[in-house]
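Geometric and topological summary
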Amino acid sequence: MQMCQPLRSLVLTLITLCNVLASADGCDFAQSCGAHAPGDVIIGIMLPCHRKVKAVHERIRPESFHCSEFDLPSFMRSLATIHEIEEINAAGFLPGVRLGYLMCDTCSDASKSLQNVGHMLAINGSLNVKCNYTDFRPRVKIILGALYSEESIAVARLLNVYMVPLLSSTSSSPELSDKQRYSVFLRTIPNDNHQTKAVAKIMRHYHWNWVGVVYGDDEYGRGAFQSFLRDAEANNVCLAYQEVLPHYLGHSLSEQRIKEVAQQIHSSSAQVVLLMLKAELVEVLFKEIIRTNTSRTWIASDAWSRSWSLAQMDGINRVGDILGFTFVARKSESFDNYLKNLTTTPGGYNHFIEEYKNLRFNCSPECLSNKPPSYCTSLLKIKSVNACNFKDPQEQNDDYLVTALDTNASFLHKVAVWAVANALKKLLKCNSSSCSGEINFPPWELLKELKEVNFSLGDQNFYFDKNGDFVNGYDLVMWEMYGHHRRFHRIGRYHAVKEEIELDVKNFTWLSTDNITIPQSRCSESCPPGWVKRILNVSCCYNCTLCAEGTYSDGTDFDDCKKCPNGTWSLKGWDHCQPRWESYLRWSDPHPITMMTAAAFGILLLLVTLIIFLVYRDSPPMKRAEVRLSCVMMAGLAVSFSSVICFMGKPSVHLCRARQVMYAIGFTLCVSCILVKAYRTFLVFLPFGQITNRRLHKLYKPPVIVIVLTTLQGIICLLWLLFDSPDIDDTPPSPQSMKIIMHCREGYTYIGFGIMLSYIGLLALVGFLLAFKGRKVPQEFSETGYIIFSMLMYLFVWVCFVPVYITSNEEGTPVQASAILVSSYGIIFCHFLPKCYEALWGSKTDTLERILKRWRAITTPNLDSETGTETYIDIPRMNRPSLESSRFSISSMSTMLSSSGTLGKASPTDSELVITPMPTENEKSHAYPLSNRQEMKMTRRCKYRSISL
């Protein structure tokens, strides 16, 4: 068995060579399918080892394709595939089955790739046309490639006819996920829909919303651009410009278009540019960018994000920051060792390795001359410094490929080979010792098994989704400075399934800012929280406006403000909502504490005053002040002070009603008593005619007056409570305020409130007018001065209260409470405290005669006539015993005057005091009755020569 294996390999090699030579038909086979290794199952490798086809636009005959410019990175990818095939063979993964390969150079051209398909699938030198290819059994069972999506799309269309699987590790066009059109295509990478989502999300992450896009005029560039447009819109990214370049360098307009695009990039305000181009196009564009001294932040697509040739180009550090998404990559030590000891697979050949070694180690004297040809510019980059010292370049090796290229990019080509090996293992029914399946199987059977493969490699699990894609995400790399060149530094990863970016390195130095500050690329400045965008021409160009009341924005660059949830509110320009706070007179606040203290002190003062009045009730000042009437006033004031308590704390319906009724009744009772005092003085000391006096005296009934006036106020309050009762004000707060003003509304119409206050005001005004009429009466006989002052104070306070209450809902409650306190204290200070002072410390020497003299001096100051006049002073309730002792006193509710001393002896030359009793009810008299009891009439006949006090 061991002897037969080498023989079988030799026979397979000879047969393959004969078929290849027959199918070549005189063409330069080494330039197309230039690598081969025999095996039981042949895997086709279709990758470019050269960058372009010479003068493809000038081709007018179907002649051979001639390729140029050796492509080291792609050559390294093909070597990775070959190395992994050899690794699988060496490991005996498919017992008794050896994998071979046939590698063809696509030269990065779709037409050349189609020609390679013909070579790979030819049987006996030709491809026969059939109606049914179910039993079609070419020597190549699967093709690994191509590099670019445009090539893969063309090749997959053709392979659909034969159902030969095409497995790519680099073609990412979304179009290839359409299984109706590309049923044979699979890939070990995600499609570009995931990549453009990742690009848009990284732009959003760094707040770049004003970007430029340059893409290639091929299937990859157009498809990726259309996908990016959708994702950019979803992530609020706008395009400052979009430019397209011819997809290959040999195009006649390439040079002109590259200069135009470079000028557009240089003149645009967009600081971030997305390049969805092949690496060779980016290299030429960067040369123009360096020439124009333009620095930007570049976003690299997977086509060039790991381009080692770009990272090593001269002046690369002058272009600015480069950030890109790459396919998942891993380091392989065995592959690096393979590159350092590069040899052809035993039993096979590889003309591409030979070409590379000639470029690297073969001496080229023309490139070392003073005027080297133009092609030497790129050649000298590859050439070894010891090239001219080697006799046989094919025998030489070094670590140039490992140091000059990013060998990590070969990982997914390794994954592709292992996917094929796992599918073959199942198809060939392999166990640990042998494979029993048919080796020469039709390719569609391998395609069927390949779609269902699921295997692990390293720490990752790989399988194809329904679209034939691996959804394994991307690595995010930053091109960091490494001397005069760049190197790739992985800073994060994009999870395609979760559509999330995970950054491993968050703070790194940007070349644009020379620190960790992120470069900016925005059409407009970011709108901070509390502001929203007002769009101008495009969504990324806007002005910032404040959020209105009741709305907010808690992040940057919001399109619309959010509405506040129920129970919360916000003011203009807020970035959050919060519950409104209730405003009322809290017990713990300084103002309510002050008013409560004042009310309590007022009640205490009334209590002290009441005690003084009762203790000194027989003293002349208290008799003149009418103790009983004053006690009623104190009771009314106490109720008024107590109503202030109802203004404190959180309002309720009951408190709203109680405080107004208490104040109305209490203060009306007090003002009614004051009115009685004013009316009494008005009746006694004004010279009315007999008939008028009689009628007015009949109306003077203090208890009746007080009860009637107070009852009338009670009726007003009752009707107010019935028809327009005070309640909690439910008026919505102002949009510009965070306060909910908790206060009472004195009815919907405020009519009852107005009538109540007007009624008290009317009583106060009448009392004021009556007192004003008797203002010249001595204070010892009446309280006109105190009445005038207290009523003026009350009227002034409440006249000031009305406009404040109307214009300010918030201040209405404390202002009314303060008005009650001021007007109540005014009555205490005017009516009670002076009497207390007189009772405690006042003079006891004033006699009635002196009081009367002062009053006469006021009322008749210029009486010089010699004729005698009679002044009639009615003194109610004058009794005979007091007359006989020449002393009298007047008290009770009907008292008019009180004697504060003894009546002095009258001089005959000055005056004569005549006191006569009042006639009885049966007698006709013109006296002024003040009570039903017997009264005396005191007549003083006076002869004045002159009066002086």
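Residues numbered from 1 in each chain as written. Predicted model: local features only at pLDDT ≥ 70, side-chain atom pairs only at ≥ 80, totals over all residues. Heavy atoms only, no water.

Brief notes about the overall build of the protein chain
Per the secondary structure count, the protein chain includes 27 helices and 30 strands. Considering the protein chain as a whole, with its 949 residues, one finds that 52% of them fall into the buried category. For the protein chain, contacts bridging at least 24 residues in sequence account for 70% of all contacts bridging at least 6. Surface accessibility of the protein chain: about 43900 Å² in total, with carbon and sulfur atoms responsible for 56%. (Helix = DSSP H or I, 4+ residues; strand = E, 2+ residues; numbered from the N terminus. Buried < 20%, exposed > 50% of the residue type's maximum accessible area, 1.4 Å probe, protein only. Contact = heavy atoms within 4.5 Å. Areas by Shrake-Rupley, 256 points an atom, 1.4 Å probe, with all protein chains shown as cover.)

Things to note about a nonpolar patch on the surface
A cluster of nonpolar side chains, Phe-601, Leu-604, Leu-607, Val-608, Ile-611, Val-615, Tyr-616, Tyr-837, Leu-840 and Trp-841, forms an exposed patch at the surface whose accessible area comes to about 1000 Å². Counting residues per element, the ones that place at least two in the nonpolar patch are helix H17 (590-615) and helix H25 (809-841). Turning to its location among the elements, Trp-841 is positioned in helix H25. The exposed category is assigned to Trp-841, whose relative accessible area is 61%. (Patch = residues over 30% accessible without salt bridge, like charges linked within 9 Å, V, L, I, M, F, W, Y side chains within 5 Å. Salt bridge = Lys/Arg side-chain N within 4 Å of Asp/Glu carboxyl O.)

Examining the packing of aromatic side chains
The tally for this structure, following the rule as stated, stands at 34 aromatic pairs. Seen from their ring centres, Trp-304 and Trp-479 are 5.7 Å apart, and the 70° between their planes marks the pair as edge-to-face. Here Trp-479 lies in strand S17 (residues 474-482) and Trp-304 lies in the loop between strand S12 (297-300) and helix H10 (308-311), a separation of 175 residues in the sequence. Trp-479 matches Trp-304 in its accessibility class, with the two residues each being buried. Their ring planes at 25° and their centres at 5.8 Å tell us that Tyr-825 and Phe-829 sit as a pair that is stacked. Remark: Phe-829 and Tyr-825 occur in helix H25; sequence separation between them is 4 residues, near one turn of the helix. Accessibility expressed as a relative area gives 13% for Tyr-825, which makes it buried. Look at Phe-829 and you get partly exposed, because its relative accessible area is 47%. An aromatic cluster of three or more residues is present, and its members are Phe-286, Trp-298, Trp-304, Trp-308, Trp-479 and Phe-488. If you follow Arg-330 out to its NZ or CZ, it ends over the ring of Phe-411, 6.0 Å from the centre. Looking at Arg-586, its charged tip hangs above the ring of Tyr-584, at a distance of 4.3 Å from the centre. (Phe/Tyr/Trp six-rings, centres within 6.5 Å; stacked < 30°, edge-to-face > 60°. Lys NZ or Arg CZ within 6 Å of the ring centre and 35° of its normal.)

Topic: the sheet that holds strand S19 (residues 500-503)
Taken in spatial order, the 8 strands make up an open sheet running S10-S9-S11-S12-S13-S17-S18-S19, and their pairing is mixed. Sheet topology places strand S10 (238-245) and S19 at the edges, where each strand pairs with a single neighbour. Ignoring strand direction, the axes of neighbouring strands in this sheet form an average angle of 25°. In this structure, strand S13 (residues 322-327) lies alongside S17, joined through 5 bridges in antiparallel fashion. Note on S17: the bridge partner recorded for Thr-326 is Asp-475. Here helix H7 (residues 219-234) sits on the sheet and contacts strand S9 (210-216), S10 and strand S11 (272-276); the angle it forms with S9, its principal contact strand, is near 160°. (Pairing = 2+ DSSP bridges. Axes fitted to C-alpha atoms, helices over the stretch in contact; angles between N-to-C directions.)

Quick word on the packing of helix H23 (residues 751-773) against helix H24 (residues 784-807)
At a minimum axis distance of 9 Å, the contact between H23 and H24 shows a crossing angle of 150°. As summarised for this structure, H23 and H24 are arranged roughly antiparallel, according to the angle between their axes. Taken as a pair, H23 and H24 cross one another with a handedness that is left-handed. Seen from H23, the contacting residues are Phe-753, Leu-757, Ile-760, Gly-761, Ala-764, Leu-765, Gly-767, Phe-768, Ala-771 and Phe-772; seen from H24, they are Thr-784, Ile-787, Ile-788, Met-791, Leu-792, Tyr-794, Leu-795, Trp-798, Phe-801 and Tyr-805. A class-by-class count of the residues in the contact of H23 with H24 yields 17 nonpolar, 3 polar and no charged. (Parallel < 35°, antiparallel > 145°, perpendicular 65-115°, else oblique. Left-handed = near helix turned anticlockwise from the far one by under 90°. Nonpolar A, V, L, I, M, F, W, Y, C, P; charged D, E, K, R; others polar.)

A closer look at the pattern of salt bridges
Where charged atoms from two side chains of opposite charge approach closely, those side chains can pair. Per the counting criterion, the structure on display carries 29 salt bridges. Ionic pairing is found between Arg-306 and Asp-406, a salt bridge with its closest N-O pair at 2.4 Å. Of this pair, Arg-306 sits in the loop between S12 and H10 while Asp-406 sits in the loop between helix H14 (400-404) and helix H15 (411-427), placing them 100 residues apart in sequence. We classify Arg-306 as buried; its relative accessible area is 16%. Residue classification places Asp-406 among the buried residues on the basis of a relative accessible area of 8%. Between Lys-562 and Asp-554 there is a salt bridge; the shortest N-O distance is 3.2 Å. On the basis of relative accessibility, which here comes to 33%, the residue Lys-562 falls in the partly exposed class. Residues joined in a network through salt bridges with shared partners are Arg-330, Asp-475, Arg-490, Arg-493 and Asp-504.

Here's the deal with the UniProt feature "transmembrane region" (unreviewed entry) in the protein chain
UniProt's feature table lists "transmembrane region" (unreviewed entry) at residues 593-615, 627-649, 661-683, 704-723, 748-772, 784-805 and 817-834, given in the numbering used throughout. Regarding residues 627-649, the helix share stands at 83% and the strand share at 0%, and the terminal C-alpha atoms are separated by 36 Å. Along residues 748-772 one finds 88% helix and 0% strand; the C-alpha atoms at either end are 38 Å apart. (UniProt positions renumbered as here; feature names shortened; annotations may be inferred.)

Digging into the state of the cysteines
A complete count under the given rule lists 10 disulfides for this structure. Linked covalently through their sulfurs, Cys-238 and Cys-540 form a disulfide whose S-S length is 2.0 Å. Looking down the S-S bond of the Cys-238 and Cys-540 bridge, the torsion is 85°, so its handedness is right-handed. Within this pair, whereas Cys-238 is found in strand S10, its partner Cys-540 is found in the loop between strand S20 (531-535) and strand S21 (542-546), the two being separated by 302 residues in sequence. With its sulfur 1.8 Å from that of its partner, Cys-656 forms a disulfide with Cys-744. Between Cys-656 and Cys-744, the disulfide has an S-S torsion of -75° and is therefore left-handed. Taken together, the residues span a long stretch of sequence, with Cys-656 in helix H20 (residues 653-685) and Cys-744 in strand S27 (residues 744-745) at a distance of 88 residues. An identical accessibility class is assigned to Cys-656 and Cys-744; each is buried. (Disulfide = S-S within 2.5 Å.)

Focus on the packing of helix H4 (residues 110-121) against helix H5 (residues 149-162)
Between H4 and H5, whose axes approach to 8 Å, the crossing angle comes to 35°. Here H4 runs over H5; the crossing is right-handed. Residues Ala-110, Ser-113, Leu-114, Val-117 and Leu-121 of H4 pack against Glu-150, Glu-151, Ala-154, Val-155, Leu-158, Leu-159 and Tyr-162 of H5. Its residues placed into classes, the contact of H4 with H5 shows 9 nonpolar, 1 polar and 2 charged.

Focus on the environment of Leu-637
If you trace the backbone, Leu-637 turns up in helix H19 (residues 627-645). For the pair formed by Leu-637 and Cys-670, sequence separation is 33 residues and the distance between their alpha carbons is 6.4 Å. Look past the residues within four positions of Leu-637 in its chain and what remains in contact with it is Leu-606, Gly-666, Phe-667, Cys-670, Ser-824, Ile-827, Ile-828 and Phe-832.

Concerning unusual backbone geometry
Residue Ala-146 follows Gly-145 across a cis peptide bond; omega there is -5°. Within the secondary structure, Ala-146 is located in the loop between strand S6 (140-145) and H5. Unlike most non-glycine residues, Asp-514 shows phi in positive territory, near 65°. You can see Asp-514 is positioned in the loop between S19 and S20. Asp-514 sits in the exposed class, given a relative accessible area of 64%.

Considerations on the pairing of S6
Counted residue by residue, S6 has 6 buried out of 6 residues, so it is predominantly covered. Here 5 bridges tie strand S2 (residues 41-47) to S6, and the two strands are oriented parallel to one another. Bridge pairing in S6 places Ile-43 opposite Ile-142. In the sheet, S6 pairs with strand S7 (residues 166-168) via 2 bridges, with the strands oriented parallel. Bridge pairing in S7 links Ile-143 to Leu-166. Between the parallel elements S6 and S7, the chain passes through H5 in a crossover that is right-handed. (Right-handed = clockwise from strand over helix to strand, strands pointing away.)

Points about the side chain of Thr-813
The residue Thr-813 is located in helix H25 in this model. Thr-813 sits in the buried class, given a relative accessible area of 10%. Aside from chain neighbours lying at most four places away, what touches Thr-813 is Leu-585, Phe-647, Arg-659 and His-743.

Considerations on the nonpolar core
Counting 161 residues, the largest nonpolar core has Phe-75, Met-203, Phe-286 and Trp-304 as its most contacted members. No other element matches H15, which puts 12 residues into this core. Filtering out sequence-adjacent residues up to four positions away, Trp-304 remains in contact with Leu-275, Leu-277, Ala-279, Val-282, Phe-286, Trp-298, Ile-299, Leu-310, Ile-322 and Trp-479. Within the second largest apolar cluster, 66 residues are counted, among which are Met-622, Phe-647, Tyr-759 and Tyr-805. (Core = buried A, V, L, I, M, F, W, Y, C linked by side-chain atoms within 4.5 Å.)

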